[in-house]
Amino acid sequence: MSIVQNRKASHDYFIEERFEAGLALEGWEVKAIRAGGVQIKEAYVVVKGAEMFLIGCHISPLSAASTHVQADPTRTRKLLLHAEEIRKLIGKVERAGYTLVPLDLHYTRGRVKLEIGLAKGKKQHDKRDAEREKDWKREQQRLLRHRS
């Protein structure tokens, strides 16, 4: 079940591979995510050492949050992946000019997971081509509906 999607990612990048990663979250963050107070549009994934981190993900603290917890809405959160997945991603990112973008925050068996994509940036003309293709598909559907 999807919580929030990064629609901007498919517009700005060619998504080559997708990976599902766990997130190291605090209790108040999980409650805020369940309440729908999360945004990943401006977020990105970085590699530090042999670990991966999500930066720029905004989780709005609930108003009824505990008074003794100091909530930081945009703190850096660690991503949890298998070691061989991390090694593979580090190799691609450092060598081949790829980047890692968060695509979708969702629940898997009650746990909050993040789908990250191994992506290559689109040039301006690629974005225009994709937009033209999308418009043409929409026009085809409209024509087909209009005939029947």
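Look up a bit, the structure's there.
For clarity, every value in this text was computed on a predicted model and none was experimentally measured.

1. A few points about the packing of aromatic side chains
Right, on to step 1. If you walk through the whole model with that rule in mind, you get 0 aromatic pairs.
Right, on to step 2. When the ring centre of Phe 53 is taken as origin, the NZ or CZ atom of Lys 48, which lies over that ring, is 5.5 Å away.
Right, on to step 3. The ring of Tyr 98 is capped by Lys 120, whose NZ or CZ atom sits 4.3 Å from the centre of that ring.

2. Focus on the pairing of strand S5 (residues 51-55)
Right, on to step 1. Of all 5 residues in S5, 4 are buried, a share of seventy percent or more.
Right, on to step 2. With 5 bridges connecting them, strand S4 (residues 44-48) and S5 associate as antiparallel partners. What sits directly across from Tyr 44, in S5, is Ile 55.
Right, on to step 3. A loop of 2 residues connects S4 with S5, the two strands running antiparallel in sequence, and Gly 49 in this loop sits at a positive phi of about 65°.
Right, on to step 4. In this structure, S5 lies alongside strand S7 (residues 77-80), joined through 3 bridges in antiparallel fashion. Residue pairing across strands places Leu 54 opposite Arg 77, the latter belonging to S7.

3. Notes on the pattern of salt bridges
Right, on to step 1. For the coordinates displayed, the defined rule picks out 11 salt bridges.
Right, on to step 2. Residues Arg 18 and Glu 115 are paired through a salt bridge, measuring 3.5 Å at the closest nitrogen-oxygen approach. Within this pair, whereas Arg 18 is found in strand S2 (residues 13-23), its partner Glu 115 is found in strand S9 (residues 111-121), the two being separated by 97 residues in sequence.
Right, on to step 3. Put simply, Asp 135 and Arg 138 hold a salt bridge, and the shortest N to O gap is 3.1 Å. Of this pair, Asp 135 and Arg 138 both sit in helix H4 (residues 124-147), 3 residues apart, roughly one helical turn.
Right, on to step 4. Through salt bridges that share partners, Glu 26, Glu 29, Arg 75 and Arg 77 make up one connected network.

4. Looking at the sheet that holds S9
Right, on to step 1. On the basis of which strands lie adjacent, the open sheet formed by 7 strands has the order S1-S8-S9-S2-S7-S5-S4 and antiparallel pairing. Two strands in the sheet have a free side with no partner beyond their single neighbour: strand S1 (2-5) and S4. Here the average twist between neighbouring strands, direction ignored, is 40°.
Right, on to step 2. Against the sheet, helix H2 (residues 27-34) contacts S1, S7, strand S8 (99-108) and S9, and its axis sits at roughly 80° relative to S8.

5. Notes on the side chain of Arg 75
Right, on to step 1. Relative to the elements of secondary structure, Arg 75 occurs in the loop between strand S6 (58-59) and S7.
Right, on to step 2. In this structure the side chain of Arg 75 is engaged in a polar contact, spanning 2.9 Å, whose partner is the side chain of Glu 29.
Right, on to step 3. Apart from residues no more than four positions distant in its own chain, Arg 75 is found in contact with Ala 24, Leu 25, Glu 26, Glu 29 and Leu 54.

6. What to know about the layout of surface pockets
Right, on to step 1. Estimates place the volume of the largest pocket at around 160 Å³.
Right, on to step 2. Among the secondary structure elements, those contributing two or more residues to the lining of the largest pocket are helix H1 (7-12), S4 and S8.
Right, on to step 3. Among the elements that take part in the lining of the largest pocket, S8 stands out by supplying 4 residues, more than any other.
Right, on to step 4. In the lining of the largest pocket, the residues fall into 8 nonpolar, 2 polar and 4 charged.

Thresholds applied
- Residues numbered from 1 in each chain as written.
- Predicted model: local features only at pLDDT ≥ 70, side-chain atom pairs only at ≥ 80, totals over all residues.
- Heavy atoms only, no water.
- Phe/Tyr/Trp six-rings, centres within 6.5 Å; stacked < 30°, edge-to-face > 60°.
- Lys NZ or Arg CZ within 6 Å of the ring centre and 35° of its normal.
- Buried < 20%, exposed > 50% of the residue type's maximum accessible area, 1.4 Å probe, protein only.
- Helix = DSSP H or I, 4+ residues; strand = E, 2+ residues; numbered from the N terminus.
- Pairing = 2+ DSSP bridges.
- Salt bridge = Lys/Arg side-chain N within 4 Å of Asp/Glu carboxyl O.
- Axes fitted to C-alpha atoms, helices over the stretch in contact; angles between N-to-C directions.
- Contact = heavy atoms within 4.5 Å.
- Polar contact = N/O pair within 3.5 Å; in protein donor to acceptor, adjacent residues only side chain to side chain.
- 1 Å grid on protein atoms, 1.4 Å probe; cavity = no way out; pocket = protein on both sides within 12 Å on 5 of 7 lines; lining within 4 Å.
- Points joined across faces, edges and corners; volume = space filled by probe spheres on them.
- Nonpolar A, V, L, I, M, F, W, Y, C, P; charged D, E, K, R; others polar.

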